[in-house]
Each structure stands twice: as structure tokens, then as C-alpha cells.
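Structure at a glance
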Amino acid sequence: MVLIGKGVRMEYGLIGEHLGHSFSKEIHEMLGGYQYELKEIQPCDVESFMRRREFKAINVTIPYKQTVMAFLDEIDEKAKAIGAVNTIVNNNGRLIGYNSDYDGILHLLKRNGINAEGMNVLLLGTGGTSHTAEAVFDDLGAKRITKVSRSKKEMAISYKDALALKDTDLIFNCTPCGMFPANDGCPISIESFDNLKAVFDAIYNPLKTRLVLQGMTRGIIADGGLYMLVAQAAVACEKFIGKRISQSKIEEVFNYLYRKKRNIVLIGMPGSGKTTLGKLLGKENFIDSDFELSKRIGSIDSFIINNDEHLFRDEESAVIREIAKLSGKVIATGGGAVLRNENIENLKQNGIVVYLKRDLDKLQIGNNRPLSNDYESLCKRFEERKDIYMKSADIVVENNGSIEDCLKELMKL
């Protein structure tokens, strides 16, 4: 992350309080071809930064989308009605504010085939993104729009009361709950909503939050905020440089970024080739969860021998929880990592899970594997796990031939 010091002028960039999670630099530089900087500002410094006006154009993120409005000379009517600004252009010293998040949300809904007319919508949060989403759904003809807040501010209801709205059609999370590095967070459980058709999350890191994964597990439309982020950046970019960004360019940048940020997670029995293939596929971006676990507990086989398996799985889950937060990696997991659903949920937040399926007679026996050190133990583990592997996997790749052939299949990912 590039942080700009005081007194240094930037041309284009993003201001916010915490930007360690931001993808905006990559996105804007791909879309517009200009240098784009990230500038973290403390609340007490926002006024002085805005009054200096030492930028050509900027984006604004949490928690300043409403704060900056007091320092603008002109605000676009749509942004004014929403009550939040995330794009500011310096036009010969005059600061003009816009809200490109509105367009980003529209693009996200359109991409997922959502017709919000007549829908009952639940908006989680009452900040700037919530105001924007409310405007979008109102313009699209939603039947009922209800905001939810832990503090019940701005006429919002509590999360407990929200669970009573059984006829909710769509949930849109506008809070930072579940955002990196607090990936475990989830603002609400969707089990109570019998009529739910779609779940969206403005969060883009992780790629799939716990809330989005709930929707995917249920089989309804569910999507995170990365496409919204790219689409709103394209609209902001048009304001910055006065050049139209095509829909195909938006798709190109989104697809590139999604592939780059996504992990490839290899699951399967011990001896199925996870480590060998992972090293070939990931090279310097390869991570072996067992290797990372051994840094924490020492020898795995000794630890299992001297402790019960439950304690070993606790340690394994702790390591996977941290590894899963990374992006752009190839991750090989231990053979029993799938035995805890929390591990798969964590790994799927940023990853696509690939089951390396290898026939039982081709699996190695022993080799420092205390839970499968003879053929009988191996068969037992295989029977315990084979259905879990299939259920956990997004993709199944056979590994009964040559390493080269299997690697070619994985490379297609």
C-alpha cells in the first residue's frame, strides 16, 4: 500500500481511515492508466486535507463519505439526495462531488439478473453505502426498504426485529461486518427468511463473506462487492479523465482481479498429490497448511501420538483460519482438514476448492502419516472422508495418471 505523507500532492487517489484492504489502486490504474494513491487520514485531519485541495480527483471511503460533503462547492443532485459522496473532482479549484457507488450497485444487481420491483429489501447498516443502496432500490421500485442497525438510529430496526420480517426477498449488507481481517464476522443469519431470493454484500475482501457463503449454501443468488467496486471505479474514472469506460473493460478488469485474488485450495487424501502439484502450480505462491502447522506445534506425527486428535484439529483450524485470509495463493491442506466444516467455510471465502481424487490403491501408506500408517487405517480414513471431499469441493480433478496430465487440468483454473 502506498501512503502519501503530509504536504505531498497526489493527482488521483482514495482517502479513508483504514485502507489496508483496498483493491482500488490496481483497479483504477488498469481502468484509467493513471497513478492512483491510497491516503489514510485520521478524522481530525480530514478538514485540513479537503481545504488544501491538493488533488485532481479522489475517491472517498469509510468513514468519510458524508463528512467530505461540507467542504464541496457543488454536489451532484443524485449524491445530494443520497446524502453521501464517494467521488470528488477538482475542477479548477472547485470541488464537485458525485456518488458512483449508486452506479456500482446498479451494475451488481443487473449482473445477477435482479429485478427489484416489488421486492421487500433489508439493508444492513445506516452509513453512506446504506443511503446509496436505499436510493437504488427506491428508484427500482422496491415495495419495502427496511434499514437495520445495532443502535436503531435513523429509523432503523434492530437485528432481532429484522428476523421477524419473514417475507424479506433480498438482503444487502452495507456494514463492515465480515471484512478483512475480521473475516469471521457475519451480521445476520438468513435462516429465518423463508422468502429470500438474493443476498449481496458490499464487502469485497474477502471475495465471499460469511453472509455470501450462507446464500450460496442455500442455493440462492449471492454475490460479494468486487464487481460493484470495479463498476463504481469505472464511473469515477470517467469523471476523473472525461473518457468513457466500456462494459467489456469493466468485465476484463473484474475477471483479472478475481482470478488474481482467488486462492486455489487443494483437498484430498494423504498421498493424493496435493503438495507436489501445489508446488508446481503455485511456485512461490504455494502454501502447505501442514508445513505451517508444524511451525506452530512441531512434528505433526509426534503431536498426534502425544495428544488426542481433537486438540490436533483445533491447532489445524487455527492455522487454516489465518491462511484462508490470504489471496492469490495455491494452498494444500492436510487430508483431514475437511472434517471440520469451519475450515472449508474459511477456505472458500477467498478460494475455489479442488478435490484431488486419487484411487485408494494409488495412495501412499505411512510416510509420517500416523492416521494412515497401514492399509487398514488408510481404508478407514478413505471411507470416512470420501463423501466429505465430494461435498466440500467446487471442482473434482482426477489424479490417477501422470503428474503432468493432472497439472494441465489444474492449470485450466
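Scroll up a little and you will see the structure.
Given the structure is predicted, the values throughout are model-derived calculations rather than measurements.

Turning our eyes to something else, we now look at the sheet that holds strand S12 (residues 263-267). Spatially, five strands are ordered S13-S14-S12-S15-S16 in an open sheet, and the strand pairing comes out parallel. The open sheet has two free edges, formed respectively by strand S13 (286-288) and strand S16 (395-398), since each of these has just one partner strand. For this sheet the average axis-to-axis angle between neighbouring strands, irrespective of direction, equals 25°. By the bridge criterion, five bridges tie S12 to strand S15 (residues 351-357) in an arrangement that is parallel. Among the inter-strand pairings, Leu266 is bridged to a residue of S15, identified as Val354. Helix-sheet contacts for helix H10 (residues 274-282) involve S12, S13, strand S14 (330-332) and S15, and the interaxial angle to S13 is about 160°.

We now examine helix H9 (residues 247-261). With 15 residues, H9 extends 21 Å between its outermost C-alpha atoms, agreeing within 8% with the 21 Å of an ideal straight helix rising 1.5 Å per residue. Turning to H9, its buried residues number three or more, namely Ile250, Val253, Phe254, Leu257 and Lys261. Here the buried residues of H9 occupy an arc of 100° about the axis, which is enough to place them on one side. Turned more than 90 degrees away from the buried face of H9, the exposed residues are Ser248 and Arg259. In the core, the buried residues of H9 are packed alongside helix H1 (24-32), helix H4 (101-111), helix H8 (226-241), S12 and helix H14 (341-350).

One pass over the full model with this rule turns up 31 salt bridges. Ionic pairing is found between Arg51 and Glu47, a salt bridge with its closest N-O pair at 2.9 Å. Placement of both Arg51 and Glu47 in helix H2 (residues 46-52) is noted, with a separation of four residues, approximately one turn of the helix. Its relative accessible area of 55% is what places Arg51 among the exposed residues. Between Arg210 and Asp184 there is a salt bridge, with its nearest N and O atoms 3.3 Å apart.

Mapped onto the secondary structure, Lys325 falls in the loop between helix H13 (309-323) and S14. Once residues within four sequence positions are removed from consideration, Lys325 is found in contact with Phe180, Pro181, Asn183 and Asn350.

Conventions and cut-offs
- Residues numbered from 1 in each chain as written.
- Predicted model: local features only at pLDDT ≥ 70, side-chain atom pairs only at ≥ 80, totals over all residues.
- Heavy atoms only, no water.
- Pairing = 2+ DSSP bridges.
- Helix = DSSP H or I, 4+ residues; strand = E, 2+ residues; numbered from the N terminus.
- Axes fitted to C-alpha atoms, helices over the stretch in contact; angles between N-to-C directions.
- Contact = heavy atoms within 4.5 Å.
- Expected span 1.5 Å × (residues − 1).
- Buried < 20%, exposed > 50% of the residue type's maximum accessible area, 1.4 Å probe, protein only.
- Arc of directions from axis to C-beta.
- Salt bridge = Lys/Arg side-chain N within 4 Å of Asp/Glu carboxyl O.

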